[in-house]
Amino acid sequence: MSAGTEHLGVRREGATLVLTLNRPEAKNALSLPMLVGLYDGWVAADEDDSVRSIVLTGAGGSFCAGMDLKALAGSRTMGDDDTYRARLKADPDLHWKAMLRHHRPRKPVIAAVEGHCVAGGTEILQGTDIRVAGESATFGLFEVRRGLFPIGGSTVRLPRQIARTHALEMLLTGRPYDAREAARIGLIGHVVPDGTALDKALEIAELINACGPLAVEAVKASVYEAAETGETEGLAAELKRGWPVFDTDDAKEGAKAFAEKRDPVYRRR
């Protein structure tokens, strides 16, 4: 498992991989090293069968304040920039994969938000599956206020995740939203006391980790597949993904453990 970059912390909490955006002096604005580290983290989690969930959070009381345009334009203050630029040149789509625009991890991704989660931060958030926020967290897509376009996927994903009227208000006004309002419109699922978002995210991750990993991954895939098709196609795809799960050793183990009144031991087979 990669140790990340100087701008991204990577650590394990049991079966959970914790990725920490780590530029607190810049409210964790996205840099090239951070983007490369994020993409590598998503890939590493999917390739490691011992990882059952992912938590994405930020250091220093902020989640992410969006893209650091100065850094991406050519600052040489971030270590070996040429290495990261070579990675981006080799895969021009890498930054979109890192931001979960063109990549969807197989494992569930839980966002633990404190402080600023705006612009590109709110766009990455839309690529996560479950979202927890401290009560002082701030959300928003500020691009239109600067004459810009939220090109990280928000005009497509946000109206599919929350009511269109709320999505359009967020997109067209560029105003900030506090955690309570973000929860009211469905952008996040939990509001917790400041400083405890990561604890709550890890608590949710533990519940996921206790479930059958093949079943969890198939359920997540089915939900997203259905969201991108009509109901008839989605139901057909659900059967295609769901029936094979019943034939796995993990499914048999789940039933056996229930009958024997013990915790199941899943082996991904």
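Residues numbered from 1 in each chain as written. Predicted model: local features only at pLDDT ≥ 70, side-chain atom pairs only at ≥ 80, totals over all residues. Heavy atoms only, no water.

Visitor: Please clarify how the sheet that holds strand S9 (residues 177-178) should be interpreted in this entry.
Guide: What links the strands of a sheet is backbone hydrogen bonding, and the strands pair in either a parallel or an antiparallel sense. Judged by pairing direction, the sheet is mixed, and its three strands sit side by side in the order S6-S8-S9 without closing on themselves. Of all the strands in the sheet, just strand S6 (116-118) and S9 have a single pairing partner and so form its edges. As judged from the three bridges shared by S6 and strand S8 (residues 138-140), these two strands associate in the parallel manner. By the bridge assignment, Cys117 is partnered in S8 with Phe139. (Pairing = 2+ DSSP bridges. Helix = DSSP H or I, 4+ residues; strand = E, 2+ residues; numbered from the N terminus.)

Visitor: Mind showing me how you'd approach the packing of aromatic side chains here?
Guide: How two aromatic rings sit relative to each other is set out by the distance from centre to centre and by the angle between their planes. Per the stated rule, a full pass over the model turns up zero aromatic pairs. Here the basic side chain of Arg145 rests over the ring of Phe142, its NZ or CZ set 4.9 Å away from the ring centre. One Lys or Arg, Arg175, reaches over the ring of Tyr177 and ends 3.9 Å from the middle of that ring. (Phe/Tyr/Trp six-rings, centres within 6.5 Å; stacked < 30°, edge-to-face > 60°. Lys NZ or Arg CZ within 6 Å of the ring centre and 35° of its normal.)

Visitor: How should the pairing of strand S4 (residues 53-58) be read in this particular structure?
Guide: A regular strand places its side chains on the two faces of the sheet in alternate fashion. Across the six residues that make up S4, a large majority, six, are buried. Burial along S4 is two-sided: Ser53, Val55 and Thr57 and Ile54, Leu56 and Gly58, pointing in opposite directions, are all buried. Between strand S3 (residues 16-21) and its parallel partner S4, the chain crosses via helix H1 (residues 32-47), and the hand of that crossover is right-handed. Bridge count between S4 and strand S5 (residues 109-113): four bridges; the pairing is parallel. Looking at the pairing, Val55 lines up with Ile110 of S5. (Buried < 20%, exposed > 50% of the residue type's maximum accessible area, 1.4 Å probe, protein only. Right-handed = clockwise from strand over helix to strand, strands pointing away.)

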